[in-house]
Amino acid sequence: MKLQRTSRLRALAIGVVAVSSALALTACGSDDTGTESTGGDGGGTTKAAPAGDIDCQGKGQLLANGSSAQKNAMDAWVKAYMSACKDVQINYKAEGSGAGVTAFLQGQTAFAGSDSALKPEEIEKSKEVCKDSQAIDLPMVGGPIAVGYNVPGVDKLALDAKTLAQIFDSKITKWDDPAIKKLNPEAKLPATKIQAFHRSDESGTTDNFTKYLKAAAPADWKYEPGKVWEAKGGQSAAQSSGVASQVKQVEGAISYFELSYAGEDINTVDLATGASAPVEATVDNASKAIAEAKVVGQGKDLALELAYDTKAEGAYPITLVTYEILCEKGNKPETLDATKSFLTYISSEDGQSVLKDAGYAPIPTEIATKVRETVKGLA
């Protein structure tokens, strides 16, 4: 298993180089329950981003909340920014996309991080916070959502959307089910009970995972995609760190989380998508799916529509994009300068370069340019 995981991590590094010149908003996020990014060492796992020539503006405390998928990137960004800009303290709470959006819409934070673009009703509500304006979505990082499993003796496993939908809907309950055997004829599958774990908190990861199930297996996934898990049965845990921990500890377990949580200890599912061979969860393979994304946001909003049902060769379709969400106009004047300065840095070439070390991939130049232009015009 160590050798297999090492090859996957090597694939991440190779994929990042390719992605930087292609349309790929890909990443392998990180997730810690209620963890704050305040310029610390990111738990010893994340290097600081190169500071470069950061244009420090504003002073005081900048509060943000949201996506735990981007926590490792935020840890590195905050550390580098605060090292260069001594007058600003950034406090990013990685409490999940739902919590982040809620806090922002209540006027508690300067910006939110979310693994899903704002819904129409959330944009409408944002007009109460964004005076004479509304909130916009700025894509900053992205990546594959891995499906991790714990089946001793099975180091290679392929599943398709139909089978995954039935597993997470409690229709397939044993690892030696005929549907799984058909996809893995050479695997020695035990009769172990499947322990399917889902997120207990509102999660953009859940939203993207269920969008994949709905798009790729509509006949078997009858639930509407969303941040809140709707299927019956299964077990739950908070944050990606929680579900990944359950997979690591519980024999027969399976769950979904950002790829970085697999590390060297958790095997991940290859997806049978209809391509000539099952597709492994890597940054490079996710980038091929995200390359088909379309900008569907209006005006300055850069929300993307992802291709969850792609059958392109080597394209890994369970992906997410993390957005920074804030007001186009009507931002809090006391934090506006610092917010613009920080977002300009993290969308810059120097800021994006940290994503390689953190297990993410940088957003493509054309998107980053649009983000920086939008940030420049924030008011």
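Being a predicted model, the structure only gives us computed values, none of them experimental.

Below, the discussion takes up the side chain of threonine 374. Structurally, threonine 374 is set in helix α12 (residues 365-376). In terms of polar contacts, threonine 374 uses its side chain to reach the backbone carbonyl oxygen of lysine 370, at 2.9 Å. Excluding its chain neighbours within four sequence positions, the residues that come into contact with threonine 374 are Ile136, Leu138 and Lys300.

Under the criterion given, the structure shown has ten salt bridges. In this structure, aspartate 169 engages lysine 171 in a salt bridge whose closest nitrogen and oxygen atoms are separated by 3.1 Å. Taking the relative accessible area as the measure of exposure, lysine 171 reaches 59% and is therefore exposed.

Let's shift gears to the layout of surface pockets. There is about 420 Å³ of room inside the second largest pocket. Those elements that place two or more of their residues in the lining of the second largest pocket are α4 (120-126), α7 (204-216), β13 (304-305) and β14 (319-327). Among the residues forming the lining of the second largest pocket, the class breakdown is twelve nonpolar, three polar and seven charged.

Looking now at the confidence of the model for the protein. Across the protein, the average pLDDT comes to 86, with 84% of residues at or above 70. Note that pLDDT drops below 50 for residues 1-35; the model gives that stretch 127 contacts with residues more than four away or on any other chain. Low confidence marks residues 39-46, where pLDDT is under 50. Its contacts with residues over four positions away, or in another chain, come to 13 contacts.

A few words on the pairing of strand β2 (residues 60-66). Taken together, the six bridges between β2 and strand β3 (residues 88-94) define a ladder with parallel strand orientation. Residue asparagine 65 lies in a different strand from β3, and its bridge partner there is lysine 93. Chirality of the crossover, the property in question, places the unit of β2, helix α2 (residues 71-84) and β3 among those that are right-handed. Inspection of the sheet shows β2 paired to strand β4 (residues 111-114) by three bridges, in the parallel sense. Across the sheet, the residue bridging to glycine 66 is glycine 113, located in β4.

Axes are the key here: two packed helices are described by the angle between their axes and the distance separating the axes. Remark: helix α10 (residues 333-346) packs on α12, axes separated minimally by 9 Å, with the N-to-C direction vectors making an angle of 170°. When the axes of α10 and α12 are compared, the pair comes out roughly antiparallel. Only Arg372, Val375 and Lys376 of α12 make contact with α10, whose side of the interface consists of Lys340, Leu343 and Thr344. Here the contact of α10 with α12 is composed, by residue class, of two nonpolar, one polar and three charged.

This next bit is on the packing of aromatic side chains. Scanning the entire structure with this criterion turns up eleven aromatic pairs. Arranged with centres 6.4 Å apart and planes meeting at 45°, the rings of tyrosine 149 and tryptophan 175 form a pair that is tilted. With tyrosine 149 in strand β5 (residues 135-149) and tryptophan 175 in the loop between α5 (161-168) and α6 (178-183), this residue pair connects regions lying 26 residues apart in the sequence. The class of tyrosine 149 is buried, set by a relative accessible area of 3%. Residue classification places tryptophan 175 among the buried residues on the basis of a relative accessible area of 0%. Ring-pair connections join several aromatic residues into one group, and the members of that group are Phe168, Phe209, Trp221, Tyr223, Trp229 and Tyr256.

Now for the environment of cysteine 85. Here cysteine 85 shows up in the loop between α2 and β3. When its relative accessible area of 3% is taken as the criterion, cysteine 85 is described as buried. The contact partners of cysteine 85, leaving out residues within four places of it in the chain, are Ile54 and Cys56.

It is worth spelling out the state of the cysteines at this point. Between two cysteines, a covalent bond joining their sulfur atoms is known as a disulfide. What the rule picks out here adds up to two disulfides. Here cysteine 56 is linked by a disulfide to cysteine 85, with a sulfur-sulfur distance of 2.0 Å. The sign of the S-S torsion, about -80°, decides the handedness of the disulfide formed by cysteine 56 and cysteine 85: left-handed. With a gap of 29 residues between them, cysteine 56 in the loop between β1 (35-37) and β2 and cysteine 85 in the loop between α2 and β3 connect regions that are remote in the sequence. Residue classification places cysteine 56 among the partly exposed positions, given a relative accessible area of 33%. Linked covalently through their sulfurs, cysteine 130 and cysteine 327 form a disulfide whose S-S length is 1.9 Å. Between cysteine 130 and cysteine 327, the S-S dihedral sits near -75°, and the bridge is therefore left-handed. Here cysteine 130 is found in the loop between α4 and β5, whereas its partner cysteine 327 is found in strand β14, with 197 residues between them in sequence. The pair cysteine 130 / cysteine 327 is uniform in exposure class, with both members buried. Numbered by order of appearance in the sequence, the disulfide-linked cysteines of the protein pair as 1-2, 3-4.

How each quantity is defined
Residues numbered from 1 in each chain as written. Predicted model: local features only at pLDDT ≥ 70, side-chain atom pairs only at ≥ 80, totals over all residues. Heavy atoms only, no water. Helix = DSSP H or I, 4+ residues; strand = E, 2+ residues; numbered from the N terminus. Polar contact = N/O pair within 3.5 Å; in protein donor to acceptor, adjacent residues only side chain to side chain. Contact = heavy atoms within 4.5 Å. Salt bridge = Lys/Arg side-chain N within 4 Å of Asp/Glu carboxyl O. Buried < 20%, exposed > 50% of the residue type's maximum accessible area, 1.4 Å probe, protein only. 1 Å grid on protein atoms, 1.4 Å probe; cavity = no way out; pocket = protein on both sides within 12 Å on 5 of 7 lines; lining within 4 Å. Points joined across faces, edges and corners; volume = space filled by probe spheres on them. Nonpolar A, V, L, I, M, F, W, Y, C, P; charged D, E, K, R; others polar. pLDDT = per-residue confidence, 0-100. Pairing = 2+ DSSP bridges. Right-handed = clockwise from strand over helix to strand, strands pointing away. Axes fitted to C-alpha atoms, helices over the stretch in contact; angles between N-to-C directions. Parallel < 35°, antiparallel > 145°, perpendicular 65-115°, else oblique. Phe/Tyr/Trp six-rings, centres within 6.5 Å; stacked < 30°, edge-to-face > 60°. Disulfide = S-S within 2.5 Å.

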